[in-house]
Amino acid sequence: MGDLQGKKILLGVSGSIAAYKAVYLLRELQKSGAEVRVIMTRHATEFVTALTFEAISHHAVHSEITSQQSWNNHIEAGLWADLYIIAPATANIIAKMNAGLADDMVSACYLAARCPIMIAPAMDVDMWHHQATQHNVKSLMTRGVEVLPVGYGSLASGLIGAGRMIEPLEILDLVKNKLSAASSILAGKTIMVTAGPTYEAIDPVRFIGNASTGKMGIAIADALVAVGAHVTLILGPSSLLPTHASIQVIRVRTADEMLQACIKVHATAQICIFTAAVADYKPKQTAKEKIKKTNNSLDIHLVKTPDIAFELGLKKKKNQMHIGFALESTSGENYAKEKLKKKNFDMVVLNSLNDPGAGFAADTNKTTFFFKNNKSLKFELKSKSAVAQDILQSIVTLLNDK
């Protein structure tokens with residue numbers, strides 16, 4: 001029996017070259033036990049025929065509200081589904097949804113649906129970053145639409161950037177999580193996530209930092225909100241932001257600032273996830289003016305920054321859960337187990353700098369989870385959004401075991 005056994009999913013396909021991926025998504029949803037019906041925009045049928053989806057889904061596929069002088073019941077389709085997912089969702093269909101237009105089955109079903117709605121954007125990089133698109137996306141999120149992350153890579157235009165529809169297996173994981181027990185167990189939980197680097201000032205223009213972008217922590221925050229958790233993201237200097245507008249973001253720069261923000265949030269958080277790559281050292285003194293290059297060498301006296309996870313581990317209550325991260329280049333397993341004990345973690349996620357495709361700035365990660373009961377789980381290289389789903393499932397298991 002699949003994870004989606006008995007679930008009814010309406011799949012909307014709009015006019016993007018990524019429409020071919022929707023065929024694979026349909027197959028994966030079916031293999032997981034879901035009953036899937038497909039609707040399309042007219043432009044989508046220019047990329048993949050309706051007959052393809054009909055042959056696989058074993059249901060008629062409609063693109064127009066009226067066809068051959070008959071009326072295709074978008075109300076019935078919208079009420080039938082347990083989940084409505086539009087993949088790919090073009091800039092055009094996103095704009096129509098935000099404006100409340102209903103001139104095709106995909107947009108009409110959005111207005112008629114009473115179930116949760118997910119969209120997987122697919123467009124060129126400049127279209128994705130355009131203010132109009134971002135306005136439409138944020139507006140839909142405030143109405144409860146779950147906007148899935150976009151992928152980064154080669155686009156149909158020949159450009160490279162953000163805007164790709166994420167892969168069907170990634171969408172499948174997100175759908176499973178949306179309809180799984182995680183939704184009921186984590187819904188309403190107050191969760192703190194730290195992410196990104198910290199920058200420790202040497203002078204007004206220079207700092208000590210690292211290459212962390214915050215991608216992993218942001219992916220975790222987005223995944224948690226998708227299942228109904230109340231998330232506060234304490235984010236160091238990063239150019240990235242979470243997808244979901246409902247995430248409370250507290251911006252910090254230094255380790256001291258992050259510690260103070262964490263202390264305030266930790267007091268009421270039920271689950272705390274420490275993904276931030278906090279600088280280990282900071283200059284003992286920060287120069288008030290820019291340091292001039294006058295000598296052949298420069299000596300800077302460094303002192304330790306606060307160990308945020310350790311400090312809060314001392315304050316951890318019985319009903320709280322702490323999850324940490326370890327990025328190591330040598331003896332990773334030993335260091336992860338030491339952190340588990342020293343910092344009073346319930347789980348540590350280890351990733352190694354020696355694994356290609358893992359670590360800072362990458363879109364993927366290869367992880368091993370360590371638990372207090374000496375058990376561990378090892379995973380192959382996968383996207384950070386998929387790693388976030390693995391972490392959520394482990395949190396659910398830990399909560400069930402308490």
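Residues numbered from 1 in each chain as written. Predicted model: local features only at pLDDT ≥ 70, side-chain atom pairs only at ≥ 80, totals over all residues. Heavy atoms only, no water.

Caption draft 1: Representation of the packing of helix α1 (residues 19-31) against helix α2 (residues 50-57). In the contact formed by α1 and α2, the axes pass within 10 Å of each other and the chain directions differ by 5 degrees. Judged on the interaxial angle alone, α2 and α1 are roughly parallel. Residues A19, A22, V23, L26, R27 and Q30 of α1 pack against T52, F53, I56 and S57 of α2. (Axes fitted to C-alpha atoms, helices over the stretch in contact; angles between N-to-C directions. Helix = DSSP H or I, 4+ residues; strand = E, 2+ residues; numbered from the N terminus. Parallel < 35°, antiparallel > 145°, perpendicular 65-115°, else oblique. Contact = heavy atoms within 4.5 Å.)

Caption draft 2: Up close: unusual backbone geometry. Along the chain, A87 connects to P88 via a cis peptide bond; the corresponding omega equals 5 degrees. In this structure, P88 sits in strand β5 (residues 83-89). Residues other than glycine seldom take positive phi values, yet H58 does so here, at roughly 65 degrees. For H58, the location among the structural elements is in the loop between α2 and β3 (66-67). Given the relative accessible area of 66%, H58 is considered exposed. Positive phi outside glycine occurs at N374, with the angle close to 70 degrees. (Buried < 20%, exposed > 50% of the residue type's maximum accessible area, 1.4 Å probe, protein only.)

Caption draft 3: Geometry of helix α12 (residues 308-315). Where α12 is concerned, the buried positions are I308, A309, L312 and G313. With its buried residues spanning 130 degrees around the axis, α12 presents them on a single face. (Arc of directions from axis to C-beta.)

Caption draft 4: Structural view of the nonpolar core. In this structure, I220, L224, I273 and I391 are the most contacted members of the largest nonpolar core, which totals 35 residues. Considering each element in turn, this core owes the most residues, eight residues, to helix α10 (residues 215-226). Here L224 is in contact with L186, I191, V193, A229, V231, I273 and L392, once residues within four sequence places are set aside. A18, L29, I56 and L172 belong to the second largest nonpolar core, which has 34 residues in total. (Core = buried A, V, L, I, M, F, W, Y, C linked by side-chain atoms within 4.5 Å.)

Caption draft 5: Representation of the environment of L340 in the model. You can see L340 is positioned in helix α13 (residues 332-342). Here the alpha-carbon distance between L340 and S297, two residues 43 residues apart in the chain, equals 39 Å. The residues touching L340, leaving out its near neighbours within four places in the chain, are F345, D346, M347, V348, F370, F371 and K372.

Caption draft 6: Representation of the environment of I185 within the structure. As for its position among the elements, I185 is in helix α9 (residues 181-186). Placed 123 residues apart in sequence, I185 and H62 show a C-alpha to C-alpha distance of 37 Å. In contact with I185, not counting residues within four places along its chain, are V396, L399 and N400.

Caption draft 7: Expanded view of the pattern of salt bridges. This model, assessed by the stated rule, comprises 15 salt bridges. Between K96 and D103 there is a salt bridge, and its shortest N-O distance comes to 2.7 Å. Residue classification places K96 among the buried residues on the basis of a relative accessible area of 10%. Notably, a salt bridge pairs D203 with R206, separated by 2.5 Å at the nearest N-O pair. With relative accessibility at 2%, the residue D203 sits in the buried group. One continuous salt-bridge network, built from bridges that share partners, spans K21, R164 and E167. (Salt bridge = Lys/Arg side-chain N within 4 Å of Asp/Glu carboxyl O.)

Caption draft 8: Expanded view of the sheet that holds β5. Reading across the sheet, the five strands line up as β2-β1-β5-β6-β7 and stay open at both edges, with parallel pairing between neighbours. Looking at which strands have only one partner, the edges of the open sheet turn out to be β2 (35-40) and β7 (146-147). Sheet analysis places strand β1 (residues 8-13) next to β2, joined by six bridges and oriented parallel. In the strand pairing of β2, L11 is matched with V38. Against the sheet, helix α8 (residues 168-179) touches β1, β5, β6 (117-121) and β7, its axis set at about 160 degrees to β5. (Pairing = 2+ DSSP bridges.)

Caption draft 9: Focus on the packing of α1 against α8. Remark: α1 packs on α8, axes separated minimally by 9 Å, with the N-to-C direction vectors making an angle of 45 degrees. Considering their axes alone, α1 and α8 lie oblique with respect to each other. Seen along the crossing, α1 lies across α8 with a hand that is right-handed. Every residue of α8 that contacts α1 at K21, Y24, L25, E28 and L29 is listed here: P168, L169, I171, L172 and V175. Broken down by class, the residue content of the contact of α1 with α8 amounts to eight nonpolar, no polar and two charged. (Left-handed = near helix turned anticlockwise from the far one by under 90°. Nonpolar A, V, L, I, M, F, W, Y, C, P; charged D, E, K, R; others polar.)

Caption draft 10: Region of the structure containing the state of the cysteines. Tallying each qualifying case throughout the model produces zero disulfides. Looking at the unpaired C109, the closest cysteine sulfur is the one in C115, lying at 9.4 Å. Relative accessible area serves as the criterion here: at 0%, C109 is assigned to the buried category. No disulfide involves C272; its nearest neighbouring cysteine sulfur is the one of C262, lying 7.9 Å away. Note on C272: relative accessible area 0%, which makes it buried. (Disulfide = S-S within 2.5 Å.)

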